[in-house]
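Here's the letter readout for the chains.
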Amino acid sequence: MFEARQTMASTSAGDGTPQGAAAGAATGGRGAGGGEWSWFAPPEEERVAPPSSPGARAASPPAPGPYVANPDYGRFDPGSDAVLIRRTLEEIEPISQAVTSYFYALLFVEHPRLRELFPASMDAQRDRLFRALLTAARLIDDERVLVEYLSHLGRGHRKYGTRPEHYPAVGECLIAALTRYAVRTWSEEAEAAWVRAYTAISQIMIDAAAEDERRAPAWWHAEVVSHEMRTADIAVITVRPDQPYPFLAGQYAAVETPWWPKVWRNYSLACAPRTDGLLVFHVKAVPAGWVSGALVHRARPGDVLRLGPPAGTMTVDHSRDSGLLCLGGSTGIAPIKALVEEVARYGRARPVEVFYGARSSHDLYDLDTMREMERRHPWLSVRPVVSEGPSDGLTGRLPDAVRRCGPWHAYDGYLSGPPGMIRSGVDALVGAGIPSDRIRHDSLDDLAVAGS
Ligand SMILES: NC(=O)C1=CN([C@@H]2O[C@H](COP(=O)(O)OP(=O)(O)OC[C@H]3O[C@@H](n4cnc5c(N)ncnc54)[C@H](OP(=O)(O)O)[C@@H]3O)[C@@H](O)[C@H]2O)C=CC1
């Protein structure tokens, strides 16, 4: 069903119950995996792959050529195929756990070598696959956004060691899982639509990865150079990447620690690009958080982390003159601080209003630094907001405090913090007259697993 022009082996999904499947698919435990949706994590041996060229560490050999489905299936039709695909997804959404468990079980039984590419615990991985499918299905008739999303996904998969020849195996097992569970909506037409869609999706991801490989490494090693505890559970961690890390202020990076291989989490960079090349992260250890706990309580200078490529669109648009209205909740102040540094670095004064929220004054762990920046930059105003206890600033919830000030219609909005804060913050900013296309924040789906 799925073929590749060059090196891809043809695979067969089989249609029976995979023996011992559950054992391979899920090992239990709390969610783990990357901070972005992923189907693959890197094989152990690739973690020490040497750079292929002085400038860029390529994780894999050149792509073996375009991946194509059997031409009998024809080209993907965004109109009629999208209808069939959405019908299938609606049917399996309530039983997505069973479908994805079966999918991974089948994948690991049919392709046991692929098991080693994934983290030990598959719980979060299962959710991620389904969310990626839902997102792709939702965007399927918006080609520009879909290509952007899948290209990002394809580039992000390089750090897991994903190769073009992995895609047919995934495709075969996905179709087999859908065949088994989407009993009401499955048909020959539905299957053909899924094959076409999956082929198109894979090709975009493969192409984006291959293009990215020509200009950037798949990951960076980064040595911890300082580790400063700011509260009992928040650390400010500075790292030195092994080669230049080109990013924009306001972006985030996936981080893997040596203690939880193949488990990646997204953290915002808390600085604008610096001349010394160092990067800063603010990390809060969340209860039972594998990566955040390790970064806060275990990491020390000299430890080496891995970083995925920078991502995120919460960046400063220097072609605009409008002010920046920034809401940072707790460690969400990290990218806001980067944005302030970026405005200062660029050298064109624009009003920047920062609302920095936390539960109590004690939790405003970076207020002194923000106040210091405020003293240096007349265009910057920093207002702390606490929801409990005494405050030398505003009290109440962050979005409510912003609503009470203003007017804000001439500002661009930037939000960073817990997903609930971002949702109600967006409502507050829209209510204050800022059009939604001038409001930036990271994807709420990415945030759902970030920081854990
Ligand atoms: N790029 C980004 O968007 C980044 C996001 N983060 C995220 O920030 C979070 C930090 O967590 P944590 O320290 O526990 O945050 P807290 O729960 O302590 O919340 C921080 C602030 O946000 C407010 N807030 C929380 N939920 C809501 C809501 N539903 N509506 C309105 N205001 C709300 C809090 O008010 P109250 O005390 O009243 O609840 C508080 O002022 C993590 O989820 C992390 O992933 C971190 C860094 C970057």
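This section reports on the structure supplied with the text. Quick caveat, the model's predicted, so the values are computed rather than measured. (Residues numbered from 1 in each chain as written. Predicted model: local features only at pLDDT ≥ 70, side-chain atom pairs only at ≥ 80, totals over all residues. Heavy atoms only, no water.)

1. A short note on the pattern of salt bridges
Taken as a whole, this structure holds 19 salt bridges when the rule is applied. Here Glu211 makes a salt bridge to Arg215, at a shortest N to O gap of 3.2 Å. In this structure, the salt-bridge partner of Glu372 is Arg376, at a minimum N-O distance of 3.6 Å. Placement of the pair is Glu372 and Arg376 together in helix H10 (residues 367–376), with a separation of 4 residues, close to one helical turn. Overall, the relative accessible area of 33% leaves Glu372 in the partly exposed class. (Salt bridge = Lys/Arg side-chain N within 4 Å of Asp/Glu carboxyl O. Helix = DSSP H or I, 4+ residues; strand = E, 2+ residues; numbered from the N terminus. Buried < 20%, exposed > 50% of the residue type's maximum accessible area, 1.4 Å probe, protein only.)

2. Here we look at the environment of Gly389
Residue placement: Gly389 occurs in the loop between strand E11 (380–386) and strand E12 (394–395). Overall, Gly389 belongs to the exposed group, its relative accessible area being 53%. Considering only alpha carbons, one finds Gly389 and His362, 27 residues apart in sequence, at a separation of 9.7 Å.

3. Regarding the state of the cysteines
Enumeration over the complete set of coordinates arrives at 0 disulfides. Cys271 takes part in no disulfide bond, and the closest cysteine sulfur to it belongs to Cys326, at a distance of 16 Å. Take Cys271: its relative accessible area is 2%, and that puts it in the buried class. (Disulfide = S-S within 2.5 Å.)

4. Observations regarding the sheet that holds strand E10 (residues 352–358)
Spatial ordering of the open sheet is given by E12-E11-E10-E9-E13-E14, a layout of 6 strands whose pairing is parallel. The sheet terminates laterally at E12 and strand E14 (439–440), the two strands that pair on one side only. Two elements, E11 and E12, share 2 bridges in a ladder whose sense is parallel. Among the inter-strand pairings, Val386 is bridged to a residue of E12, identified as Thr395. With respect to the sheet, H10 is in contact with E10 and E11, its orientation differing from that of E11 by roughly 155°. (Pairing = 2+ DSSP bridges. Contact = heavy atoms within 4.5 Å. Axes fitted to C-alpha atoms, helices over the stretch in contact; angles between N-to-C directions.)

5. Structural notes on the packing of aromatic side chains
In total, this model carries 12 aromatic pairs according to the counting rule given. Judged by centre distance (6.5 Å) and plane angle (90°), the ring pair of Tyr356 and Tyr365 falls under edge-to-face. Tyr365 shares its class with Tyr356; the two are buried. Members of the aromatic cluster, joined through ring pairs, are Phe103, Tyr104, Phe108 and Phe118. (Phe/Tyr/Trp six-rings, centres within 6.5 Å; stacked < 30°, edge-to-face > 60°.)

6. Re the site of the ligand
As a matter of local geometry, the ligand sits amid 22 residues, with Ser330, Arg359, Ser387, Arg397 and Asp442 nearest to it. Taking Ser268, its side chain carries an N or O atom lying 3.0 Å from a nitrogen atom of the ligand. Separating an oxygen atom of the ligand from a side-chain N or O atom of Arg397 is a distance of 2.8 Å. Listed by contribution, the elements that provide at least two residues to the shell around the ligand are E10 and helix H12 (419–431). With 4 residues, H12 is the largest single contributor of residues to the shell around the ligand. (Near = heavy atom within 4 Å. Polar contact = N/O pair within 3.5 Å; in protein donor to acceptor, adjacent residues only side chain to side chain.)

7. A closer look at the pairing of E10
Regular strands show a simple pattern: their side chains alternate between the two faces of the sheet. Counted residue by residue, E10 has 7 buried out of 7 residues, so it is predominantly covered. Side-chain alternation along E10 places Val352, Val354, Tyr356 and Ala358 on one buried face and Glu353, Phe355 and Gly357 on a second face that is also buried. When strand E9 (residues 323–329) meets E10, the two strands line up parallel, connected through 6 bridges. Note that in E10 the partner of Gly329 across the bridge is Gly357. Once you follow E9 into helix H9 (residues 333–346) and on to E10, the crossover reads as right-handed. For the crossover from E10 across H10 to E11, the handedness is right-handed. (Right-handed = clockwise from strand over helix to strand, strands pointing away.)

8. Some remarks on the sheet that holds strand E6 (residues 264–268)
Across the sheet, 6 strands lie side by side as E6-E5-E8-E3-E4-E7; this open sheet has antiparallel pairing. Only two strands of the sheet have a single neighbouring strand rather than two, namely E6 and strand E7 (279–284). The mean angle between the axes of side-by-side strands here comes to 40°, regardless of whether they run parallel or antiparallel. Across 6 bridges, strand E4 (residues 234–241) lies against E7 in antiparallel orientation. For Ile237, the partnering residue across the bridge sits in E7 and is Phe281. Strand contacts of helix H8 (residues 290–297): strand E3 (220–229), E4, strand E5 (252–256), E6, E7 and strand E8 (304–307), with the helix running at about 115° to E7, the strand carrying the most contacts.

9. Describing the nonpolar core
Within the largest apolar cluster, 52 residues are counted, with the highest numbers of intra-cluster contacts made by Phe281, Val352 and Val354. Here this core spans two domains, since at least three of its residues come from each of domain 2 (220–307) and domain 3 (323–449). Those residues in contact with Val354, other than ones at most four positions away along the chain, are Cys326, Ile333, Ile336, Val340, Met370, Leu380, Ser381, Val382 and Arg383. In terms of nonpolar packing, the next biggest core, distinct from the first, is built from 49 residues, Leu129, Ala132, Cys173 and Met205 among them. (Core = buried A, V, L, I, M, F, W, Y, C linked by side-chain atoms within 4.5 Å. Domains from an automatic or database assignment.)

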